[in-house]
Amino acid sequence: MEKLRFGIIGIGNMGSSHALRLDKGEITNATLTAVCDTKPARLDWAKENLSDRVERFDSDESFFANAKIDAVLVAVPHYEHPSLCIEGLHRGLHVLCEKPAGVYTKQVREMIAESKKSDKVFGMMFNQRTNPVYKKVKDLVDSGELGDLKRVVWIITNWYRSQSYYNSSDWRATWVGEGGGVLLNQDPHQLDLWQWMCGMPSRIRAFVKYGVNRDIEVENDVTAYAEYANGATGLFVTSTHEAPGTNRFEISADRGKLVIEDDIVTFWRNRVGEKQFNAEYTGGFGQPECWKCVVPTPGENPQHKGILNNFTDAALHGAKLLAPGEEGIRGLSISNAMHLSAWTDSWVDPSNLDEDLFYNLLQERIKNSTFKKTTVEQTLSVKGTH
């Protein structure tokens, strides 16, 4: 049977995990034939841990020119995601991008435009979309079971990171090294899931704190208020300095309230929708009869393996992607909007944000970064960053 030949650029924490899955044959109809990394130590790791058939390259130029591959998985630092994805598409390869899609939407928009010119499959590694808990929530919203949304609240503060974590690498938590903090490093999955399940908010007002209780320059505490076109509101709270933290997602809607916590979906279901009850009830104090239901969420939670299998099936047989590449800009738009709101002390529409203004304000922070000046210059010259 035909197999999709994968190459991976970047075999750090995530890239090496993907490499092992592919090399061990855990992905149906897929095989690993090449890896690329600029660090000799990572190539040594590949030599010791991967099959002899897997070629090793120390530059993306030699990788793209010589690797015998049909698809490339990009798992490098955030700033380089769009430029390498674009190069892969130009080379006639299927492209799978690790999260986030990039650091700023202006660059990611260019990547999406290039993907639309190609007949190849372009996907994002949004592995949380395979989680049956979130799949069930999306189904309940999309099917109309909840009725019109009223309020969405996600408190995701269990990303605790100590100072020693940030000290482990000099690029961590710097504008030039990562391009952001909790919103770009820890939260891309939650921001994607938020819009995937509930749609894009129409405007956001965010309050962002940088380096709370930590010696870092990027954000590690965010509270954002959102509004939707139908009048619903939202709240997104996240941090990396609270212990213990919380991960609780709550949707209030006409037909009741949905709460997701500890991988359990609980639905407080109104027997009669609130709007109907309010229109018909004449008894003064009172509220709709409500049933507490634990919603079943059957099925496996394949995570990264699920995305890799789906992407392979899409490339070989035309299957529908679980996480299309063009959707990578949505969660990033929310992240950029939160920063821009904080930087300008104003409301921002994430679907229509001033991308040039965001880019310029980001460059100011990059130039003043505590990271090495030589690295700043390298970052500013990365292909596709203008």
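Note that the structure is a prediction, hence the values are computed from the model and not measured. (Residues numbered from 1 in each chain as written. Predicted model: local features only at pLDDT ≥ 70, side-chain atom pairs only at ≥ 80, totals over all residues. Heavy atoms only, no water.)

Student: How would you sum up the nonpolar core? Please name residues and give values.
Tutor: Counting 114 residues, the largest nonpolar core has F63, W194 and M338 as the members making the most contacts within it. Ranked by residue count, the leading element in this core is helix α12 (residues 328-344), at seven residues. Look past the residues within four positions of F63 in its chain and what remains in contact with it is G7, I8, I9, A34, V35, C36, F57, I69 and V72. (Core = buried A, V, L, I, M, F, W, Y, C linked by side-chain atoms within 4.5 Å. Buried < 20%, exposed > 50% of the residue type's maximum accessible area, 1.4 Å probe, protein only. Helix = DSSP H or I, 4+ residues; strand = E, 2+ residues; numbered from the N terminus. Contact = heavy atoms within 4.5 Å.)

Student: Explain the environment of T28 to me, using residue names and the numbers behind them.
Tutor: Looking at where T28 falls in the secondary structure, it is placed in the loop between α1 (13-23) and β2 (30-36). Residue classification places T28 among the exposed positions, given a relative accessible area of 52%. Placed 277 residues apart in sequence, T28 and K305 show a C-alpha to C-alpha distance of 9.7 Å. In this structure, T28 is in contact with N309 and T312, ignoring residues within four places of it in sequence.

Student: How would you sum up the packing of aromatic side chains? Please name residues and give values.
Tutor: Following the criterion strictly, the structure yields 13 aromatic pairs and no others. Both rings, one in F57 and one in F63, keep their centres 6.0 Å apart while their planes meet at 85°; by these two values the pair is edge-to-face. With 5.2 Å between their ring centres and 70° between their planes, Y165 and Y166 make a pair best called edge-to-face. Look at Y166 and you get buried, because its relative accessible area is 9%. Members of the aromatic cluster, connected to one another through ring pairs, are W175, Y210, W343 and F358. (Phe/Tyr/Trp six-rings, centres within 6.5 Å; stacked < 30°, edge-to-face > 60°.)

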